[in-house]
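# Breakdown of the fold
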Amino acid sequence: MAKPPGPGRCVHCLKSRQTRTWDHVLPKGWYPDSTPENIKKWQIPSCIKCNREYGKLEDELLVRIGLCLDPEDLKAAGVSEKAIRAINPRFGKSSKDTRRRQAKREKILRESMLGPDIPDHGIYPGFDEAWGRPRDQQLAIPFRAEHIRRLTEKIVRGIFFIEDNMLIEPPFNIEFYALSESGAEPIKNLLDRFGKEYVREPGIVVRRAVAPEDATSSVFEIAIWGRLKMFAAVNRPDA
């Protein structure tokens, strides 16, 4: 087991802490079963508070997005099964855990939308109907845009720290974009010309292009499980 990173600044909140822990940029549970065993999983130093907050957020996203994935897709192998187990009381490790799984299952069922109740707007790019079912047989599971934004920000901060030993701090900020393939063309064109790829195949691919003028202004494309795509820009508000 790796030694704790010791005192220093948290990559997320940027505050100095006496006690820090290692935080996975992508949680271990997000790596598909098809990930080679020799792949090194990205880790960054985090304060305990931020690590816990992200852990809850990522567990929630894994369940909701995992239920929308194709279990036969190699890029997401095993992820949908993890999501199903997380809301199945039969897999509870204690009476408390059983109740927690049941409560999470009931909450998702309450919030899910069927057929004509599914709105025509607000569908995350890449998560429209993928199995050719008629509208009255479709099921929509909501997840929070704020959670996706925070996950994107975490990955961007993580890549900068791992690659450049650098924290993203004022005056720079991170902007998140949920874009369709056509809407993402300007960013994709920049990445095709100037980008570098960071791969944890087959489930995780990140592309980044950094402006040489300040070594910080940049654009990102983050692809997870072949379905969840996030775009981001790091810039100065006055740029």
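In this text the structure is predicted, and so the values were computed from the model without any measurement.

In terms of regular secondary structure, the chain is built from five helices and 11 strands. Its C-alpha radius of gyration of 19 Å places the chain within 12% of the 18 Å reference for a compact globule of 239 residues. Counting the 239 residues in the chain, one finds 43% classified as buried. Within the chain, contacts between residues at least 6 apart in sequence are counted, and of these 60% link residues at least 24 apart. If you sum the accessible surface of the chain, you get close to 13,400 Å²; carbon and sulfur atoms cover 52% of it.

The element strand β4 (residues 43–47) is extensively covered by neighbouring structure, given that four of its five residues are classed as buried. Note that strand β3 (residues 20–24) and β4 share five bridges and pair antiparallel. Bridging across to β4, Arg20 finds its partner in Cys47.

In this section: the sheet that holds strand β10 (residues 218–224). If you walk across this open sheet you meet the five strands as β7-β11-β10-β9-β8, and the pairing is antiparallel. On the outer flanks of this sheet lie β7 (173–177) and β8 (196–200), each paired with one strand and no other. When strand polarity is set aside, the average angle formed by the axes of neighbouring strands in this sheet is 20°. Bridge analysis of β8 against strand β9 (residues 204–210) gives five bridges, and the strand direction is antiparallel. If you follow Tyr198 over to β9, its bridge partner there is Val206. Against the sheet, helix α4 (residues 145–164) engages β7, β8, β9, β10 and β11 (228–235), with an angle of about 60° to β11.

The next point concerns the nonpolar core. Counting residues in each nonpolar core, the largest one holds 44 residues, and the members touching the most others are Trp30, Ile155, Val206, Ile224, Trp225, Leu228 and Met230. Of all the secondary structure elements, the ones that give two or more residues to this core are α1 (48–66), α2 (79–86), α4, β9, β10 and β11.

Take α1 next. Taking 1.5 Å of rise per residue, 19 residues should cover 27 Å, and α1 covers 26 Å from first to last C-alpha, within 8% of that figure. Turning to α1, its buried residues are Cys50, Asn51, Tyr54, Leu57, Glu58, Leu61, Leu62, Val63, Arg64, Ile65 and Gly66. Taken together, the buried residues of α1 touch β3, β4, α2, α3 (95–111), α4 and β11.

What follows is about the environment of Tyr31. Structurally, the position occupied by Tyr31 is in the loop between β3 and β4. Sequence separation between Tyr31 and Tyr198 is 167 residues; the distance between their C-alpha atoms is 15 Å.

This part covers the packing of α1 against α2. One way to put it is that α1 packs onto α2 with a least axis distance of 8 Å and a crossing angle of 110°. Looking at the two axes, α1 sits roughly perpendicular to α2. With respect to the hand of their crossing, α1 and α2 are arranged in left-handed fashion. Counted together, Leu62, Val63 and Gly66 of α1 and Val79, Ser80, Ala83 and Ala86 of α2 form the full contact between these two elements. Across the contact of α1 with α2, the residue classes tally to five nonpolar, two polar and no charged.

A separate point is unusual backbone geometry. The omega angle of the peptide bond from Pro170 to Pro171 is 10°, so this bond is cis rather than trans. Its place among the elements puts Pro171 in the loop between α4 and β7. The phi dihedral of Ala215 falls on the positive side, at around 60°, and the residue is not glycine. Relative to the elements of secondary structure, Ala215 occurs in the loop between β9 and β10.

Here we take up the side chain of Thr216. With respect to the helices and strands, the residue Thr216 is situated in the loop between β9 and β10. Those residues within four positions of Thr216 in sequence are excluded, and the remaining contacts are Phe160, Met166, Ile168, Phe172, Val210, Ala211 and Val234.

Criteria and thresholds
Residues numbered from 1 in each chain as written. Predicted model: local features only at pLDDT ≥ 70, side-chain atom pairs only at ≥ 80, totals over all residues. Heavy atoms only, no water. Helix = DSSP H or I, 4+ residues; strand = E, 2+ residues; numbered from the N terminus. Rg over C-alpha atoms; globule rule 2.2 N^0.38 Å. Buried < 20%, exposed > 50% of the residue type's maximum accessible area, 1.4 Å probe, protein only. Contact = heavy atoms within 4.5 Å. Areas by Shrake-Rupley, 256 points an atom, 1.4 Å probe, with all protein chains shown as cover. Pairing = 2+ DSSP bridges. Axes fitted to C-alpha atoms, helices over the stretch in contact; angles between N-to-C directions. Core = buried A, V, L, I, M, F, W, Y, C linked by side-chain atoms within 4.5 Å. Expected span 1.5 Å × (residues − 1). Parallel < 35°, antiparallel > 145°, perpendicular 65-115°, else oblique. Left-handed = near helix turned anticlockwise from the far one by under 90°. Nonpolar A, V, L, I, M, F, W, Y, C, P; charged D, E, K, R; others polar.

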